[in-house]
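Residue-level structural notes
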Amino acid sequence: MNELAVAVLEGSRRALARLLTLVENESDGAGEALAELFPHTGRARIIGVTGAPGTGKSSLVNALARVYREQNKTVGIIAVDPTSPFSGGAILGDRIRMRDLAGDSGVFIRSMATRGSLGGLAHATRDAVRLLDAAGFDVVLVETVGAGQSEVDIVRTAQTTIVVEAPGLGDDIQAIKAGILEIADVLVINKADRPGAENTRRALRSMLELGHPVARARIIAHHGRLALDEQPAEEIDAAVWVPPVVSTVAVADSGIDELAQAIEDHHAYLQEHNMTEALERQRVRIELYDRLRVTLLDRLLADVPAEDLSGVIERIQQRQLDPRQAVETLLALQRGVRE
Ligand SMILES: Nc1nc2c(ncn2[C@@H]2O[C@H](COP(=O)(O)OP(=O)(O)OP(=O)(O)O)[C@@H](O)[C@H]2O)c(=O)[nH]1
Ligand SMILES: [Mg+2]
C-alpha cells in the first residue's frame, strides 16, 4: 500500500499535509494515495460556506468548528480562495482569525489557492475534502469566496451549503440575482449587529416567500435535475426545502447554535426524504463528467499539433469553418494522429 495513504489512515497530520500539497499542486503524485483512500471516504459531514468577500465566512467557520468540538466531533477546515493566484493576504487573514482553534488536535485547517485553472481548483478541492474525510474528520467545513459558477462547483462538493450575506454590501437584490438562492440550503445574515441587517433579512425573506416557484426551481437546479429523473414529481413537491434564514454575529458567537441546528435540520430533511443517496449520485455524476471533459480535452490538445489547432481557429475567424464543423475537423485530426 501507498506509504502516505497508510500514514493518513493512522492519523499522521504530516502525511495529510503532504498529500494536500500534492493535491493542491495538481501533481500526479497523489493519485495512488487518493485511490487507496477512496474506500475510506463517505463518512464525513461536508458543509460548504460561501458568500461575498468579507461577509464573515471565516469567522462563522471558526464559531461552527467550536460548536462541533463541544459535541466532541473532529473538524477539518478547507479555506478555498479562487479569486487570486497570489493571495497570501487572505490566507494569512484566515489563519489569524482561526488562531483560537490552533493547538486543538481535533481541528485541522488548510488553505488552498488557485494554481492552474478554476476547474483544477474545483477538482483539487474535492480531493482535499476526500483526504480529510478518509483521515477520519467527522465534519469537513469548506469555505469559498463568491457565488460565481466555479464557486458553485466547489460548493457542490458539500452536502449542506450555507450562503452568507451581510448588511451594507450594496444591492441586496443583486446578490439574489447572482443565484444564491439556487445553491443555499441555509441562508445566514451575519453581522446582525450592523445597521441594515433587518433590511437584508427582509429582502431575503420576501424573495423566499415570493418563492415557492423559486424554491422549486432551486431544488431542480441544485439538487434535483438528475435526481428528478428518478423520482416521481409529487415526491419532489412534497420535499421542497425552503432555506431557513439565520441571523448571526459570528464574532460574538451569537446565533451560532441556531445555525448549527439549521444545518442539522437540513441533514435530517435529506435523510427523511431519502435524498442523500440521490444527491450523492448526482455529485458523482457531475464530477465524473467534469473530469472526463478535462481529460478528453487535454488528450485532444496533446494529440493535435498546435499549428493545426491554430489553423482551425484561423479558419473559424475567417468564416470559412463554423465552430461545429471545427469540432468534427479536430476530432478527425485526432483520429488521424492516433491511427
Ligand atoms: N461587526 C461584525 N463584524 C464581523 C462579524 N463577523 C465577522 N466580522 C468581521 O468582518 C471581517 C471579515 O470577517 P471574515 O470572517 O474574515 O470574513 P470572510 O467572509 O471570511 O472574508 P474573506 O475570506 O476575505 O472573503 C473581520 O474583520 C471580522 O472580524 C459580525 O458578526 N459582526
Ligand atoms: Mg475568509
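Coordinates for the structure precede this section.
We now turn to the structure provided with this report. (Residues numbered from 1 in each chain as written. Chains lettered and ligands numbered in written order. Predicted model: local features only at pLDDT ≥ 70, side-chain atom pairs only at ≥ 80, totals over all residues. Heavy atoms only, no water.)

Of the regular secondary structure elements, the protein chain holds 15 helices and seven strands. Scored against the burial criterion, the 339 residues of the protein chain give a buried share of 47%. Within the protein chain, counting contacts between residues at least 6 apart in sequence, those at least 24 apart form 78% of the total. Only carbon and sulfur atoms are counted for the fraction: they give 53% of the accessible area of the protein chain, which is about 16900 Å². (Helix = DSSP H or I, 4+ residues; strand = E, 2+ residues; numbered from the N terminus. Buried < 20%, exposed > 50% of the residue type's maximum accessible area, 1.4 Å probe, protein only. Contact = heavy atoms within 4.5 Å. Areas by Shrake-Rupley, 256 points an atom, 1.4 Å probe, with all protein chains shown as cover.)

To continue, consider the layout of surface pockets. Quantified by volume, the largest pocket comes out at close to 1100 Å³. Around the largest pocket, the lining is made up of 43 residues, and of these Arg126, Asp127, Arg130, Glu287 and Arg291 lie nearest the centre. Contributions of two or more residues to the lining of the largest pocket are made by helix H2 (13–24), helix H3 (31–37), strand E1 (45–51), helix H6 (118–134), helix H12 (256–272) and helix H13 (276–303). For the lining of the largest pocket, the leading source of residues is H13, giving 11 residues. Tallied by class, the residues present in the lining of the largest pocket amount to 16 nonpolar, 13 polar and 14 charged. (1 Å grid on protein atoms, 1.4 Å probe; cavity = no way out; pocket = protein on both sides within 12 Å on 5 of 7 lines; lining within 4 Å. Points joined across faces, edges and corners; volume = space filled by probe spheres on them. Nonpolar A, V, L, I, M, F, W, Y, C, P; charged D, E, K, R; others polar.)

Turning our attention to helix H14 (residues 306–317). Taking 1.5 Å of rise per residue, 12 residues should cover 16 Å, and H14 covers 17 Å from first to last C-alpha, within 8% of that figure. Downstream of H14 by one or two residues, Arg319 has phi in the positive range, about 60 degrees. (Expected span 1.5 Å × (residues − 1).)

Time to look at the nonpolar core. Formed by 30 residues in total, the largest nonpolar core has its most connected members in Leu16, Leu19, Leu131, Leu132 and Val140. Contributing elements (two or more residues each) for this core: helix H1 (3–9), H2, H3, strand E2 (75–81), strand E3 (107–113), H6 and strand E4 (139–145). No other element matches the seven residues that H6 contributes to this core. In this structure Leu132 touches Leu16, Leu20, Gly76, Ile77, Ile78, Phe108, Phe137 and Val140, once residues within four positions along its chain are discounted. With 26 residues, the next largest nonpolar core counts Val61, Val107, Val139 and Ala262 among its residues. (Core = buried A, V, L, I, M, F, W, Y, C linked by side-chain atoms within 4.5 Å.)

The side chains of a regular strand alternate between both faces of the sheet. With six of seven residues buried, E3 lies mostly within the body of the structure. Across seven bridges, E2 lies against E3 in parallel orientation. Bridging from a neighbouring strand, Ala79 pairs with Ser111 of E3. (Pairing = 2+ DSSP bridges.)

As a further point, take the packing of H14 against helix H15 (residues 323–338). Two measures define how a pair of helices packs: the angle their axes make with one another and the distance between the axes. Contact geometry of H14 with H15 gives a least axis separation of 10 Å together with a crossing angle of 165 degrees. Here H14 is positioned roughly antiparallel relative to H15, judged by the angle of their axes. Considering only the axes of H14 and H15, their crossing is right-handed. Taken together, the residues of H15 that come into contact with H14 (itself represented by Asp308, Leu309, Val312, Arg315 and Ile316) are Pro323, Ala326, Thr329, Leu330 and Leu333. (Axes fitted to C-alpha atoms, helices over the stretch in contact; angles between N-to-C directions. Parallel < 35°, antiparallel > 145°, perpendicular 65-115°, else oblique. Left-handed = near helix turned anticlockwise from the far one by under 90°.)

Take the packing of H13 against H15 next. Running from N to C, H13 and H15 point in directions that differ by 65 degrees, and their axes come no closer than 9 Å. Taken as axis vectors, H13 and H15 run roughly perpendicular relative to one another. In this structure, the crossing between H13 and H15 has a hand that is left-handed. When H13 is examined against H15, the residues Arg299, Leu300 and Asp303 are found in contact with a partner set consisting of Leu330, Leu331, Gln334, Val337 and Arg338. Partitioning the contact of H13 with H15 into residue classes produces four nonpolar, one polar and three charged.

What follows covers the pattern of salt bridges. Taken as a whole and assessed by the stated rule, the structure comprises 10 salt bridges. One salt bridge connects Glu24 with Arg110, and the closest N-O pair in it is separated by 3.4 Å. Note that Glu24 is positioned in helix H2 and Arg110 in strand E3, a separation of 86 residues in sequence. Each member of the pair, Glu24 together with Arg110, is buried. By sharing partners, the salt bridges in this structure join Arg126, Asp127, Arg130, Glu287, Asp290, Arg291 and Arg293 into a single network. (Salt bridge = Lys/Arg side-chain N within 4 Å of Asp/Glu carboxyl O.)

Evaluated as defined, the whole model comprises two aromatic pairs. With centroids separated by 6.1 Å and ring planes inclined at 40 degrees, the aromatic side chains of Phe108 and Phe137 adopt a geometry described as tilted. Residue Phe108 is located in strand E3, and its partner Phe137 is located in the loop between H6 and E4; the two are separated by 29 residues in the primary sequence. (Phe/Tyr/Trp six-rings, centres within 6.5 Å; stacked < 30°, edge-to-face > 60°.)

The seven strands lie next to each other as E3-E2-E4-E1-E5-E6-E7, forming an open sheet whose pairing is parallel. At either end of the open sheet lies a strand with only one pairing partner, and these are E3 and strand E7 (245–247). Strand after strand, the sheet turns through a mean of 20 degrees between neighbouring axes, direction not considered. In terms of strand pairing, E2 meets E4 through six bridges, oriented parallel. The residue of E4 that forms the bridge with Ala79 is Glu143.

In a regular helix each residue adds 1.5 Å, so 16 residues correspond to 22 Å; H15 covers 22 Å between its end C-alpha atoms and thus fits that length. Within H15, burial applies to Ala326, Leu330 and Gln334. The buried residues of H15 occupy one face: seen down the axis, they fall within an arc of 80 degrees. Contact partners of the buried residues in H15: H13 and H14. (Arc of directions from axis to C-beta.)

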